[in-house]
Amino acid sequence: MAASTPLLTDELDIVIPTIRNLDFLEMWRPFFQPYHLIIVQDGDPTKTIRVPDGFDYELYNRNDINRILGPKASCISFKDSACRCFGYMVSKKKYIFTIDDDCFVAKDPSGKDINALEQHIKNILSPSTPSFFNTLYDPYREGADFVRGYPFSLREGAPTAVSHGLWLNIPDYDAPTQLVKPRERNTRYVDAVMTIPKGTLFPMCGMNLTFDRDLIGPAMYFGLMGDGQPIGRYDDMWAGWCVKVICDHLGLGVKTGLPYIWHSKASNPFVNLKKEYKGIFWQEEIIPFFQAATLSKDCTTVQQCYIELSKQVKEKLGKVDEYFVKLSDAMVTWIEAWDELNPPTKSSAKLANGSA
């Protein structure tokens, strides 16, 4: 059977954060080579990172980030994969697919290589169903449909802003779970894609993720993590909670399920525990905060929503720890930097002002 023609080659960037040579791209070559890559090099900027021949890419290290953003570079994490969100900011494409360098090509139950990017694109180009759950999961997939009792008025669905993929082999567990189940591996391949219902939060993992940059890009900030910060490994989850609240407000959808990648290696649970320690306590306050968060009707753009959310973070979570005051300021800096590199178009500015 002939390979399918790659979709959206001129409309999608692949963002990869890394501290090492990108040999893992060799196995992804059949799927990634037609696309443009944005590589965000973390750690020592004097180190040279090798990228296999034949890939179209741009690479940014910490010196580049400082040069491009100036003082606003303070909002981009250092020594943490959260630095990947700089790639989202400099991209000029409509869609982003981001993947970690320890994620390999997985196989489906028939033994065929999974083209993760192709499945993400299918997810994001079809609508979501956040307002009413379909028991056959994604009704827009081939071989599925809306079940009896699904309101016809809701069958048009909502635009899909995020496609969240999963992992075979090493599951995305927190440090306590890793310590208790050091040998656990995910071997369950579930052939399903579903929309996360409106009003429901989820833990977003950034290692196999696609999103519509035009619809939700400015909210995809991975926070302040890593070097000089009291917390790590909450970068993607922070972004996911902010994104979900804003998607719910703006009537956008988030899908999870297929595609799977093969997560090749487990990170050190003791190192992870040090990074996560405060977050494990704080999330008991963070989750109720996001569950209760509401945005005013005046917030019609992602930027407006995000700035309003940052004020609530400062006011409510600032009482939990001083870190959240710092984080809320960084959220504002991120939006300022985003708008500098991505000036709003006239039509979106008009929309924000409420005029047609």
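Heads up: the structure comes first, above all this text.
In what follows, the accompanying structure is described.

Reading the values: rules and limits
- Residues numbered from 1 in each chain as written.
- Predicted model: local features only at pLDDT ≥ 70, side-chain atom pairs only at ≥ 80, totals over all residues.
- Heavy atoms only, no water.
- Helix = DSSP H or I, 4+ residues; strand = E, 2+ residues; numbered from the N terminus.
- Rg over C-alpha atoms; globule rule 2.2 N^0.38 Å.
- Buried < 20%, exposed > 50% of the residue type's maximum accessible area, 1.4 Å probe, protein only.
- Contact = heavy atoms within 4.5 Å.
- Areas by Shrake-Rupley, 256 points an atom, 1.4 Å probe, with all protein chains shown as cover.
- Lys, Arg positive; Asp, Glu negative; His and termini not counted.
- Charge placed at Lys NZ, Arg CZ, Asp CG, Glu CD.
- Phe/Tyr/Trp six-rings, centres within 6.5 Å; stacked < 30°, edge-to-face > 60°.
- Core = buried A, V, L, I, M, F, W, Y, C linked by side-chain atoms within 4.5 Å.
- Arc of directions from axis to C-beta.
- Salt bridge = Lys/Arg side-chain N within 4 Å of Asp/Glu carboxyl O.
- Polar contact = N/O pair within 3.5 Å; in protein donor to acceptor, adjacent residues only side chain to side chain.
- Pairing = 2+ DSSP bridges.
- Right-handed = clockwise from strand over helix to strand, strands pointing away.
- Disulfide = S-S within 2.5 Å.
- Axes fitted to C-alpha atoms, helices over the stretch in contact; angles between N-to-C directions.
- Parallel < 35°, antiparallel > 145°, perpendicular 65-115°, else oblique.
- Left-handed = near helix turned anticlockwise from the far one by under 90°.

Now for the overall build of the protein chain. On a plain count of helices and strands, the protein chain comes out with 11 helices and 9 strands. Against the 2.2 N^0.38 benchmark of 21 Å for 356 residues, the protein chain shows a C-alpha radius of gyration of 20 Å, consistent with a compact globule. Reported as C-alpha extents along the three principal axes, the dimensions of the protein chain are approximately 55 × 55 × 45 Å. The buried share among the 356 residues of the protein chain stands at 51%. Considering only contacts within the protein chain whose residues lie at least 6 apart along the sequence, 74% involve residues at least 24 apart. Counting only carbon and sulfur atoms, one obtains 54% of the accessible surface of the protein chain, whose full area is about 16700 Å². Charge separation in the protein chain, taken as the distance between the mean sites of 39 positive and 44 negative side-chain charges, equals 2 Å.

What follows is about the packing of aromatic side chains. A complete count under the given rule lists 21 aromatic pairs for this structure. Ring centres of Phe133 and Tyr137 lie 6.5 Å apart, and the angle between their planes is 85 degrees; on these two criteria the pair is classed as edge-to-face. Residue classification places Tyr137 among the partly exposed positions, given a relative accessible area of 38%. Between Trp334 and Trp338, the aromatic rings sit 5.6 Å apart at their centres with planes inclined by 50 degrees, giving tilted as the arrangement. Of this pair, Trp334 and Trp338 both sit in helix H10 (residues 323-341), 4 residues apart, which is roughly one turn of that helix. The exposure class of Trp334 is buried, given its relative accessible area of 0%. Through pairs of rings, three or more aromatic residues link up here, namely Trp238, Trp241, Trp282, Phe289, Phe290, Tyr323 and Phe324.

Below, the discussion takes up the nonpolar core. Grouped together as the largest cluster of nonpolar side chains are 66 residues, with contacts concentrated most on Ile216, Tyr221, Trp238, Tyr306 and Trp334. Once you skip the residues sitting within four places of it in the chain, Tyr221 turns out to touch Cys75, Cys85, Asp235, Trp238, Ala239, Tyr306, Leu327, Ala330, Met331 and Trp334. Leu12, Val51, Val105 and Met207 belong to the second-largest nonpolar core, a separate cluster that totals 29 residues.

Turning our attention to helix H1 (residues 25-32). Regarding H1, the residues found buried are Leu25, Trp28, Phe31 and Phe32. Considered in projection along H1, the buried side chains sweep an arc of 100 degrees and stay on one side of the axis. Tucked inside the fold, the buried residues of H1 contact strand E1 (12-18), strand E2 (36-41), strand E4 (95-99), strand E5 (103-104), helix H4 (116-125) and strand E9 (253-263).

Attention shifts here to the pattern of salt bridges. Applying the stated criterion across every chain, the model contains 16 salt bridges. Across the pair Arg141 and Asp191 runs a salt bridge whose closest N-O atoms are separated by 2.9 Å. In this pair, Arg141 is assigned in the loop between H4 and strand E6 (160-169) and Asp191 in the loop between helix H5 (175-180) and strand E7 (193-195), connecting sequence segments 50 residues apart. A relative accessible area of 26% places Arg141 in the partly exposed class.

The next point concerns helix H2 (residues 62-69). Where H2 is concerned, the buried positions are Arg62, Asp64, Ile65 and Leu69. Taken around the axis of H2, the buried residues stretch over an arc of 160 degrees, which confines them to a single face. Here H2 starts with a cap whose side-chain oxygen sits 2.9 Å from the backbone nitrogen of Asn63, and that cap is Asn61. Two residues or fewer after H2 comes Gly70, characterised by a positive phi angle close to 60 degrees.

Our next topic: the pairing of E1. Burial of E1 is extensive: 7 of the 7 residues sit out of reach of the surface. For E1 and E4, the ladder comprises 4 bridges, and the chain directions are parallel. Note that in E4 the partner of Asp13 across the bridge is Ile96. Note that E1 and E2 share 6 bridges and pair parallel. By the bridge assignment, Ile14 is partnered in E2 with Leu37. Handedness of the E1-H1-E2 crossover: right-handed.

Here we take up the state of the cysteines. Throughout the structure, instances matching the rule amount to 0 disulfides. The thiol sulfur of Cys205 is not disulfide-bonded, and the nearest other cysteine sulfur, from Cys103, lies at 7.4 Å. Since its relative accessible area comes to 3%, Cys205 is described here as buried. Here Cys247 stays unpaired: no disulfide links it, and the sulfur of Cys305, its closest cysteine neighbor, is 9.6 Å away. For Cys247, a relative accessible area of 0% gives the class buried.

This paragraph deals with the packing of helix H9 (residues 302-316) against H10. It is the contact of H9 with H10, at a shortest axis distance of 8 Å, that shows an interaxial angle of 165 degrees. Comparing the axis directions of H9 and H10 gives the class roughly antiparallel. At the point where H9 passes H10, the crossing takes the left-handed sense. Residues Gln303, Tyr306, Ile307, Leu309, Ser310, Val313 and Lys314 of H9 form the contact with H10, whose participating residues are Phe324, Val325, Ser328, Asp329, Met331, Val332, Trp334, Ile335, Trp338 and Asp339.

Residue placement: Val51 occurs in the loop between E2 and strand E3 (56-60). When its relative accessible area of 9% is taken as the criterion, Val51 is described as buried. For Val51 and Ala161, which are 110 residues apart along the polypeptide, the C-alpha to C-alpha distance reads 30 Å. In contact with Val51, other than residues within four places in its own chain, are Leu22, Leu25, Ile39 and Tyr57.

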